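Inside the fold
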Amino acid sequence: MTAPLRIGNASGFYGDRFDAMREMLTGGELDVLTGDYLAELTMLILGRDRLKDPTAGYARTFLRQLEECLGLAHERGVKIVSNAGGLNPAGLAGRVRELAGRLGIPVRVAHVEGDDLTAAHPGSLAAHAYLGGFGIAECLRQGADVVVTGRVTDAALVTGPAAAHFGWGPQDHDQLAGAVVAGHVLECGTQATGGNYAFFTEAPGDLRRPGFPLAEIHEDGTAVITKHPGTGGLVDVGTVTAQLLYETQGARYAGPDVTARLDTVRLVQEGPDRVRIHGVRGEAPPPTLKLGLNRLGGFRNEVSFVLTGLDIEDKAALVCDQMESALDTAKSRPTEVSWTLARTDHPDAPTEETASALLRLVVRDPEQAAVGRALSGAAVELALASYPGFHVLTPPGKGSPYGVFEAAHVPQDEVDHVAVLADGRRIPVPPPQDTLVLRERELPEPLLPTSLPPGPTRRAPLGLLAGARSGDKGGNANVGVWARTDEAWAWLAHTLTTTLFRELLPETADLTVVRHPLPHLRALNFTVEGILGEGVAAQHRFDPQAKALGEWLRSRHTDIPEALL
């Protein structure tokens, strides 16, 4: 039997801990080191970089990390696989070759192309299909030491090396699905090892500097999630569950290589900082690839008025009326105007800051002039003519561009997925022959546990019993909620309905909320459609990526059985 493959992660986003690559290469045994640098917002940022410099468009951090670590990886025989190529994987591969030549390190650098469909979508700053892992696999099979890609799925950084190592083909759905689940756990770095963890106050590990995760992947697709010895944080069923629920939706987790059935995932605490993932089943992937479209949506500006002491509501009403009148008489009123009053003030407060509330005004328009002087002039002119104690956090500027993300789909056979080897050879990667349209096979309702017998309840925060993690997918948000005991799950499964969810989070009251039970994880995954408007770059709400939506839910009070408290 082929030996397990040890795949580590050294980056969960563009801007993650710089020295993580060195930590992972020196902290213990690895076969492959991955780095995830891309997100919906990152593609927009790289697109704007490319507008200024056509040779840009990749994650510069990755190149600087390799300056320090490429020799170390070569000495230890660790392959490096990363999507840091962004919008320009060929350009980054060329820079890595130049770096290797300058350092005298004999490494073979390959890259993956085919995701860039911007030319076919006029008006888009960047349009990229989410490719799977078989282009990466082909590069590794042909002897590459470093593989850089553009927009592949996050999990492809793991499925590609695993497919190359074990010889999996497109028909090996269960094995690929297991690798997809392991890849999803690794992709956000330390979120799998105690970072951003709901129960951080109870965690036994040192969470000040969590170590990055790694997966020991076996030939049958099972995996053990762990971390290097002596590093901070922890790996337990809770931290892995939290990351599994992050930015997913229903029981089917569709990707370009396989559709992983999240309702089949089972987790077992195998030992300290070791969680085994097993039982994962896979189905054929859909016939289409996800396509991420990024475009410039216009310009935005904002100003936050500080309201201190008494009469907060009246002060807010006054300045709101004044600003609205000024915007109405401006040469061009902004297309979108929104107000939010955050009552951060406390009665009889011991400091001025804790006696103050914030009134936030955000404006958007296709033209910069409409959100520039029209807003800044009106706000500044009120300095001596508005509510008592008038001041703002920072004066509004001239307005800045914002982006819009849209998700679409493109047939897999219309995308030219290509592995480009170190010697320049180009190897086409064919689309899967076996595909499945998801709606053709609806899943039966999962079996839920028997509800708890009636008994006395107490009003208390939901988070005393349940963990949560939330995130963004375009304009939608997901909130994964899980219980840590069978008894708490029996209560949660029958209590936290979409109706109660909307009651606890009033911002979702008029939105479509879909509930997806995942009994093996003792979890519910909620999708909230449209809460993020046109995506994170549009900054539609206070928390534009819904990162804290789950923590807000945990803080809300509901009737909980006293037997569980």
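Our structure is the block above this text.
The numbering scheme is per chain: residues are counted from 1 as the chain's sequence reads. Two thresholds apply to this predicted model, a pLDDT of at least 70 for residue-level local features and 80 or more for giving and counting side-chain atom pairs, whereas whole-chain, interface and lining totals are computed over all residues. To get the side-chain values, all heavy atoms of the structure are used, and hydrogens and water are removed first.

1. What about the packing of aromatic side chains?
To keep things clear, this is the line we draw: To pair, rings of Phe, Tyr and Trp, with the six-membered ring standing in for Trp, must have centres within 6.5 Å; the planes then decide the type, stacked if under 30 degrees apart, edge-to-face if over 60, and tilted in the middle. Helix numbering and strand numbering both begin at the N terminus, where a helix is a DSSP run of H or I of at least 4 residues and a strand a DSSP run of E of at least 2. Using a 1.4 Å probe on the protein chains alone, a residue whose accessible area is under 20% of its type maximum counts as buried, one over 50% counts as exposed, and one in between counts as partly exposed. Counting as a charge over the ring demands two things of the Lys NZ or Arg CZ atom: a distance within 6 Å of the ring centre and an angle within 35 degrees of the ring normal.
Enumeration over the complete set of coordinates arrives at 9 aromatic pairs. Plain terms: the ring middles of Y37 and F62 are 5.8 Å apart, the flat faces sit at 75 degrees to each other, and that makes the pair edge-to-face. With Y37 in the loop between β2 (32-35) and α2 (40-52) and F62 in helix α3 (residues 60-76), this pair connects stretches of sequence that are 25 residues apart. The pair formed by Y37 and F62 is uniform in burial state, with each residue classed as buried. A network of ring pairs unites the aromatic residues F305, W339, Y387 and F390 as a single cluster. Positioned above the aromatic ring of F199 is the side chain of R484, whose terminal nitrogen or guanidinium carbon lies 3.5 Å from the ring centre.

2. Let's talk about the packing of helix α6 (residues 156-166) against helix α7 (residues 173-186)
The axes of two packed helices give the description: the angle between them and the distance between them. Applied cut-off: Note on geometry: axes are lines fitted to C-alpha atoms, helical ones only across the stretch in contact, with angles between N-to-C directions running from 0 to 180 degrees. By definition in this entry, angles of less than 35 degrees are roughly parallel, angles greater than 145 are roughly antiparallel, angles of 65 to 115 are roughly perpendicular, and the rest are oblique. Put simply, a crossing is left-handed when the front helix is turned counterclockwise from the back one by less than a right angle, and right-handed when it is turned clockwise. Residue contacts are defined here by distance: any two heavy atoms, one from each residue, within 4.5 Å place the two residues in contact. Residue type decides the class: Asp, Glu, Lys and Arg count as charged, Ala, Val, Leu, Ile, Met, Phe, Trp, Tyr, Cys and Pro as nonpolar, and the leftover types, Gly among them, as polar.
At their nearest, the axes of α6 and α7 sit 7 Å apart, and the two run at 140 degrees to each other. When the interaxial angle is binned, α6 and α7 end up oblique. Like other packed secondary-structure pairs, α6 and α7 cross with a definite hand, here right-handed. Across from V158, T159 and A162 in α6, the residues of α7 making contact are L176, A179, V180, G183 and L186. Along the lines of polarity and charge, the residues of the contact of α6 with α7 split into 6 nonpolar, 2 polar and no charged.

3. Some remarks on the environment of P561
Looking at the element boundaries, P561 is found in strand β26 (residues 557-561). In this structure P561 comes out as buried when scored by relative accessible area, which is 15%. When the C-alpha positions of P561 and A466 are compared, they lie 13 Å apart, and in sequence the two are 95 residues distant. Each residue touching P561, except ones within four places of it in the same chain, is listed here: L452, P456, T457 and W491.

4. Overview of the pairing of strand β25 (residues 523-528)
Just so we agree on the cut-off: A strand pair is defined by DSSP finding two or more bridges across the two strands.
Within β25, 6 of the 6 residues are buried, which leaves it mostly tucked inside the rest of the structure. Bridge analysis of strand β23 (residues 476-483) against β25 gives 6 bridges, and the strand direction is antiparallel. Across the sheet, residue N478 finds its bridge partner in β25, namely T527. Both strand β24 (residues 513-518) and β25 contribute to a ladder of 6 bridges, which runs antiparallel. Following the sheet pairing, V514 is matched in β25 by T527. Remark: 4 residues form the turn of the hairpin made by β24 and β25, two consecutive strands paired antiparallel; R522 in that turn has positive phi of roughly 50 degrees.

5. Observations regarding the sheet that holds strand β13 (residues 281-283)
The 3 strands are arranged β9-β10-β13 in an open sheet whose pairing can be described as antiparallel. Of all strands in the sheet, those with a lone pairing partner are β9 (252-254) and β13, marking the two edges. For this sheet, the mean angle separating the axes of adjacent strands, direction not counted, is 30 degrees. Inspection of the sheet shows strand β10 (residues 259-261) paired to β13 by 3 bridges, in the antiparallel sense. By the bridge assignment, R261 is partnered in β13 with R281. Of the strands in this sheet, β9, β10 and β13 touch α7, which is tilted by about 110 degrees from β13.

6. Focus on unusual backbone geometry
Its identity is not glycine, yet E247 carries a phi of approximately 55 degrees, on the positive side. Along the polypeptide, E247 turns up in the loop between α8 (237-245) and β9. Despite not being glycine, R522 has its phi angle at roughly 50 degrees, a positive value. Relative to the assigned elements, R522 resides in the loop between β24 and β25.

Interpretation in functional terms is not warranted from these geometric data alone.
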